[in-house]
Amino acid sequence: DTGVSQDPRHKITKRGQNVTFRCDPISEHNRLYWYRQTLGQGPEFLTYFQNEAQLEKSRLLSDRFSAERPKGSFSTLEIQRTEQGDSAMYLCASSHGETQYFGPGTRLLVL
Amino acid sequence: AQTVTQSQPEMSVQEAETVTLSCTYDTSESDYYLFWYKQPPSRQMILVIRQEAYKQQNATENRFSVNFQKAAKSFSLKISDSQLGDAAMYFCLSQGGSEKLVFGKGTKLTVNP
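Computed from a prediction, not measured in an experiment: that's the story for all the values here. (Residues numbered from 1 in each chain as written. Chains lettered and ligands numbered in written order. Predicted model: local features only at pLDDT ≥ 70, side-chain atom pairs only at ≥ 80, totals over all residues. Heavy atoms only, no water.)

Chemist: When you look at the layout of surface pockets in this model, what are you seeing that I'm missing?
Modeler: It is a probe the size of a water molecule, rolled over the atoms, that shows where empty space is left. When its volume is computed, the largest pocket comes out at roughly 680 Å³. Lining the largest pocket are 25 residues, with A:Phe45, A:Ser58, B:Gln2, B:Leu101 and B:Val102 sitting closest to its centre. When contributions to the lining of the largest pocket are tallied by element, the ones reaching two or more residues are strand 5 (44-50) and strand 6 (53-57) of chain A together with strand 11 (101-103) of chain B. Within the lining of the largest pocket, the residues separate by chemical class into nine nonpolar, eight polar and eight charged. Lining the second largest pocket are 24 residues; nearest its centre among them are A:Arg107, B:Gln39, B:Pro40, B:Pro41 and B:Ser42. When residues of the lining of the second largest pocket are traced back to their parent elements, those giving at least two are strand 9 (88-95) of chain A together with strand 10 (88-95) and strand 12 (107-112) of chain B. Its residues placed into classes, the lining of the second largest pocket shows 11 nonpolar, nine polar and four charged. (1 Å grid on protein atoms, 1.4 Å probe; cavity = no way out; pocket = protein on both sides within 12 Å on 5 of 7 lines; lining within 4 Å. Points joined across faces, edges and corners; volume = space filled by probe spheres on them. Helix = DSSP H or I, 4+ residues; strand = E, 2+ residues; numbered from the N terminus. Nonpolar A, V, L, I, M, F, W, Y, C, P; charged D, E, K, R; others polar.)

Okay, structure coming up:
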């Protein structure tokens, strides 16, 4: 049984560039969540999918952020025109019920 | 708005001793879940324990137990017989209806040998 995987694990980019992260949930988990975690803080909820439907979006998710889960399996999170303030760990989690299982995260550094 | 407060930024405990981490929350939901997650340094979040708000009985998982006080909106985590491997950041999560998900800022636990 493989857990939640995320790719890449680390990403360094220059301000203004676009980046895309991928999350592969545990198979048969119909719910998928994205969070952002900055140093010394708890994860902040960004968005949530049930199957392919994006059901909830945080106000933190500016129009530069977009997430998709086209076939109800893996998901992508894209950040357009990155800013230095986007530097953070981006966490993905999946669940079948209420308990979420987290991936290792993608650490983004915007220079 | 839902809030979760972890009032102890850092805690330390001697190996084999017991420590309690505090968490208070505020929600208007009648049906919600509470969780404690552990995040070791540079490693991923791991579920420690969960509590359904409708259950009066406190959840227990081996050395980990909670003291759930619904009226006081308090959800503390007790770690018994602390081990070196328990050292980590501990986060409290409140999960309410419509997937309202709020984490606390975390408590850094140090276990001294």
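Here the narrative resumes.
Chemist: Looking at this structure, how should I read the side chain of A:Gln100?
Modeler: Within the secondary structure layout, A:Gln100 lies in the loop between strand 9 and strand 10 (101-102). A:Gln100 sits in the buried class, given a relative accessible area of 0%. Polar side-chain contacts of A:Gln100 include one of 2.7 Å to the side chain of A:Tyr35. If we ignore the near neighbours within four places in the chain, the residues touching A:Gln100 are A:Tyr33, A:Tyr35, A:Ala93, A:Ser94, A:Ser95, B:Tyr37, B:Leu93, B:Gln95 and B:Leu101. (Buried < 20%, exposed > 50% of the residue type's maximum accessible area, 1.4 Å probe, protein only. Polar contact = N/O pair within 3.5 Å; in protein donor to acceptor, adjacent residues only side chain to side chain. Contact = heavy atoms within 4.5 Å.)

Chemist: I keep staring at the interface of chain A and chain B and nothing clicks. Help me out?
Modeler: By a widespread convention, an interface's size corresponds to the accessible area lost as its parts come together. Contacts between chain A and chain B engage 17 residues on the former and 17 residues on the latter. Across the chain A/chain B interface, buried area totals approximately 1600 Å², and carbon plus sulfur atoms make up 52% of it. Interface area lost by chain A to chain B is led by A:Glu98, A:Thr99 and A:Phe102, which between them contribute 34%. Here chain A and chain B share zero salt bridges between them. Scanning the region where chain A abuts chain B turns up six residue pairs in polar contact (both at pLDDT 80 or more). Tallying contributions element by element places strand 4 (residues 31-37) of chain A first for the side of chain A that touches chain B, with four residues. Each residue belonging to the side of chain A that touches chain B can be placed in one class, and the counts come to seven nonpolar, seven polar and three charged. (Buried area = accessible area lost by both parts, 1.4 Å probe. Salt bridge = Lys/Arg side-chain N within 4 Å of Asp/Glu carboxyl O.)

Chemist: Would you mind showing me how to read the side chain of B:Lys38 here?
Modeler: All names here are of chain B. Turning to its location among the elements, Lys 38 is positioned in strand 5 (residues 33-39). With no salt bridge to any partner, buried Lys 38 finds its closest opposite charge in Asp 86, at an N-O distance of 4.3 Å. A distance of 2.8 Å separates a polar side-chain atom of Lys 38 from the backbone oxygen of Gly 85. (Lys, Arg positive; Asp, Glu negative; His and termini not counted.)

Chemist: Help me out: how do you make sense of the pairing of strand 6 of chain A in this one?
Modeler: Within a regular strand, the side chains alternate between the two sheet faces. Judged from the four bridges that link them, strand 5 of chain A and strand 6 of chain A form a sheet pairing that is antiparallel. Across the sheet, A:Thr47 pairs through a bridge with A:Lys57, a residue of strand 6 of chain A. (Pairing = 2+ DSSP bridges.)

Chemist: Help me understand the nonpolar core in this model?
Modeler: If you look at soluble globular proteins, the nonpolar side chains tend to sit buried side by side. Residues B:Trp36, B:Phe75, B:Leu77 and B:Tyr90 are the most contacted members of the largest nonpolar core, which totals 24 residues. With residues near it in sequence (within four places) discarded, B:Leu77 still touches B:Val19, B:Thr20, B:Leu21, B:Trp36, B:Val48, B:Ile49, B:Phe64, B:Ser65, B:Val66 and B:Tyr90. Judged by nonpolar contacts, the second largest core, of 19 residues, contains A:Val19, A:Phe21, A:Cys23 and A:Leu77. (Core = buried A, V, L, I, M, F, W, Y, C linked by side-chain atoms within 4.5 Å.)

By themselves these figures say nothing about function.
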